[in-house]
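Commentary on secondary and tertiary structure
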Amino acid sequence: MVLKVFFPACCSSADSGILIGRWISEQNSAVILAVVHFPFIPVQVKQYLGEVQRVTKVSVSVLGSWSNSKQEKEESLSEFLEDLGTIFCHEPWIQISKEGDSKFWSCSTLQKHSKNSQEEEIILVYYDQRKVMLSHLHPPLDTAGQRAEDASKLSAIFDTVARSQALFMTDRYDEGPIKLTHWQSDGVEASIIVELLKQASVPACMLLTFLLSLVSGICRSRVLKFWPLSFLWSKLSTCEQLGHRLQHLQVISSNKKAQNQNQLMRKANIFVSLLIDVALGVLLMSWLYRKNRIGHLADTLIPVADHVAEELQDLLQWLMGAPAGLKMNRALDQVLGRFFLYHIHLWISYIHLLSPFIEMILWYVGLSACLGLTVALCILSDIIALLTFHIYCFYVYGARLYCLKIYGLSSLWRLFRGKKWNVLRQRVDSCSYDLDQLFIGTLLFTILLFLLPTTALYYLVFTLLRLLVVIVQGLIHLLVDLIDSLPLYSLILRLCRSYRLAAGVKFRVLEQQNGKPLRLLMQINPLSYGGVVQTYRLPTYSCYPRDSWTSLCKKLFLGELIYPWKHKGDKQN
């Protein structure tokens, strides 16, 4: 039978002593956790291991002896280490010895009460205790009472190391009767700044929770449910982004402890995303208020709006003539052209009416960048929507008129074939029409058919203009969703400490020597960058259209309105 000994690489240079760890009989494996150095009193070692078992719920015991001949050169040492097996009484008693700086160690077992005299084959597996401890490849630590996991799996090794955290909290500077060597024996990993932040985070979270509860109460009040405010809250992307960030702040300031690794990573990703978002927003705000850039932006905005209006007027004049050599219905062409020209005239008057206040509006809007770059981008998207509202009106007018003619032509076409649409049963049924109905239907069908090219041309031009605006807004919302959903903390961990985001393990065969045990090195396999984004990606609020090209073309052909974003709050996992 093969005996597997998992030995921490940090103990390879430790002084001679005894090996403490956990024996997993189901898979005939020994997980070494630390080395206890000489001198020690066996009764104190047993008492210490009893306290560790009570705290960690792990059956920690003395598994064998460790001999490092570089420090110990006494001939009676090996006999003394064998005698320790009678004191601690563990079967099998594992003996590991290292001679000088040699890479090849001797490993043997003693079984005094076993009748099987056949020598076991030993596999020595080196593992990085720190990486195994922090890799989170073990079952959740809150399931200590639910020992349902299969002990034959490799997760039992990670589970043993993770649950033995109390064993690693003692270092060589502690004035205790027992001296240990483990991954934190030179000093417990800690930071004074981190500890101070932990102490200060409690009152800060309480204050933030109180303020967020007030804001949430105001948002849920009946005042915001009346028509004007509810309409603005549902249509403006700035309000949606503020609500989204409010949910993020509630998650961060929650006093509930994370139940598993995914919830902990989600909180950390949200916190880092908020910090970076606010930092970028402050940088943008500082750039805007330098060298009077807001004033220059306000002075540029009015000429740009006038230039866009002039281009639209030229486009309408071109459509009212003979566009691309096409002969349009002159009467309908003149009516539609003058109708849209009048709207452009109203729009120019509206822009010039607001021109004295634009600089002041931009100055106050620039202050919103302190809430984050995403809020500033959403405000930019809303400003673009307001500045191109006339284009949206043109698109709606053209789409409704085109849609009316398409549905009228389809209904009259069914009249020619002796069919009609059954509203109750939602199907086309046969129907008999008299002569007057057929005559009127023929006249209306002819009129709508000859007026359709003129209407379709206006609809096509304004749809292209609307799609251009939608593409610009789409790029802005894409950047907002990238900042909101990108797991920045997880990506930083993957770049700096890849073992914290482990996907599995791999074993590498080390150099071998005859008569020595097989040596393996256990390494952590990190998640790929794509796997990190897919696993820890944060939910966003924008719901993009998932229509296929066929359904999109069908909507464009039938004249149905296209709304690129339906703002919905995603359910948080």
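Computed from a predicted structure; not experimentally measured. (Residues numbered from 1 in each chain as written. Predicted model: local features only at pLDDT ≥ 70, side-chain atom pairs only at ≥ 80, totals over all residues. Heavy atoms only, no water.)

Overview of the overall build of the protein
Within the protein, the secondary structure is distributed over 17 helices and 12 strands. In the protein, which comprises 573 residues, the proportion classed as buried is 41%. Counting only contacts in the protein whose residues sit at least 6 apart along the sequence, the fraction spanning at least 24 positions is 71%. (Helix = DSSP H or I, 4+ residues; strand = E, 2+ residues; numbered from the N terminus. Buried < 20%, exposed > 50% of the residue type's maximum accessible area, 1.4 Å probe, protein only. Contact = heavy atoms within 4.5 Å.)

Side note on the UniProt feature "transmembrane region" (unreviewed entry) in the protein
In the numbering used here, UniProt assigns the feature "transmembrane region" (unreviewed entry) to residues 200-219, 270-289, 335-354, 361-388, 394-416, 437-461 and 467-492. For residues 335-354, helix accounts for 100% and strand for 0%, while the C-alpha atoms at its two ends are 29 Å apart. Across residues 394-416 one finds 100% helix and 0% strand; the C-alpha atoms that close the span lie 33 Å apart. (UniProt positions renumbered as here; feature names shortened; annotations may be inferred.)

Quick notes on the pattern of salt bridges
Applying the stated criterion across every chain, the model contains four salt bridges. The residue Arg-163 makes a salt bridge to Asp-159 at a minimum N-O spacing of 2.6 Å. Placement of the pair is Arg-163 and Asp-159 together in helix 4 (residues 155-163), with a separation of four residues, close to one helical turn. Each of the two residues, Arg-163 as well as Asp-159, counts as buried. Measuring nitrogen to oxygen at the nearest pair gives 2.8 Å for the salt bridge that ties Arg-245 to Asp-484. Remark: Asp-484 occurs in helix 14 (residues 435-485) and Arg-245 occurs in helix 7 (residues 237-252); sequence separation between them is 239 residues. (Salt bridge = Lys/Arg side-chain N within 4 Å of Asp/Glu carboxyl O.)

Some remarks on the environment of Asp-306
For Asp-306, the location among the structural elements is in helix 9 (residues 293-319). If we ignore the near neighbours within four places in the chain, the residues touching Asp-306 are Ile-348 and His-352. Side-chain polar atoms of Asp-306 contact the side chain of His-352, separated by 3.2 Å. (Polar contact = N/O pair within 3.5 Å; in protein donor to acceptor, adjacent residues only side chain to side chain.)

Focus on the packing of aromatic side chains
The geometry of an aromatic ring pair is captured by two quantities: the separation of the ring centres and the angle between the planes. Here the structure, examined in full by the defined rule, presents 18 aromatic pairs. On the numbers, 6.3 Å between centres and 35 degrees between planes, the contact of Phe-389 with Tyr-392 is tilted. Residue Phe-389 and its partner Tyr-392 are both found in helix 13 (residues 389-416); the two are separated by three residues, about one turn of the helix. Tyr-392 gets classed as partly exposed once you look at its relative accessible area, which sits at 24%. (Phe/Tyr/Trp six-rings, centres within 6.5 Å; stacked < 30°, edge-to-face > 60°.)

Here we look at the packing of helix 10 (residues 330-354) against helix 13
Orientation of helix 10 relative to helix 13, taken along the N-to-C sense of each, is 155 degrees, at an axis distance of 10 Å. Relative to helix 13, helix 10 is oriented roughly antiparallel. Where helix 10 crosses over helix 13, the handedness of that crossing is right-handed. Counting all contacts with helix 10, which are made through Leu-332, Leu-336, Phe-339, Phe-340, His-343, Ile-344 and Trp-347, the residues of helix 13 involved are Phe-389, His-390, Phe-394, Tyr-397, Leu-401 and Lys-405. (Axes fitted to C-alpha atoms, helices over the stretch in contact; angles between N-to-C directions. Parallel < 35°, antiparallel > 145°, perpendicular 65-115°, else oblique. Left-handed = near helix turned anticlockwise from the far one by under 90°.)

Re the pairing of strand 1 (residues 2-8)
Most of strand 1 sits out of view: five of its seven residues are buried. Across seven bridges, strand 1 lies against strand 7 (residues 121-127) in parallel orientation. The residue of strand 7 that forms the bridge with Val-5 is Leu-124. As paired strands, strand 1 and strand 3 (residues 29-37) are joined by three bridges and run parallel to one another. (Pairing = 2+ DSSP bridges.)

Quick look at the side chain of His-248
Its location among the elements puts His-248 in helix 7. Within the structure, the side chain of His-248 is placed 3.0 Å from the side chain of Arg-245, a separation counted as a polar contact. Aside from chain neighbours lying at most four places away, what touches His-248 is Ile-270, Leu-274 and Asp-484.

Thoughts on the nonpolar core
As a rule of thumb, nonpolar side chains are buried together in soluble globular proteins. In this structure, Val-45 and Leu-167 are the most contacted members of the largest nonpolar core, which totals 39 residues. If sequence neighbours within four positions are ignored, Leu-167 has contacts with Ile-20, Leu-33, Ala-34, Tyr-48, Val-52, Leu-180 and His-182. In this structure, Leu-336, Ile-344, Tyr-458 and Val-480 belong to the second largest nonpolar core, which totals 26 residues. (Core = buried A, V, L, I, M, F, W, Y, C linked by side-chain atoms within 4.5 Å.)

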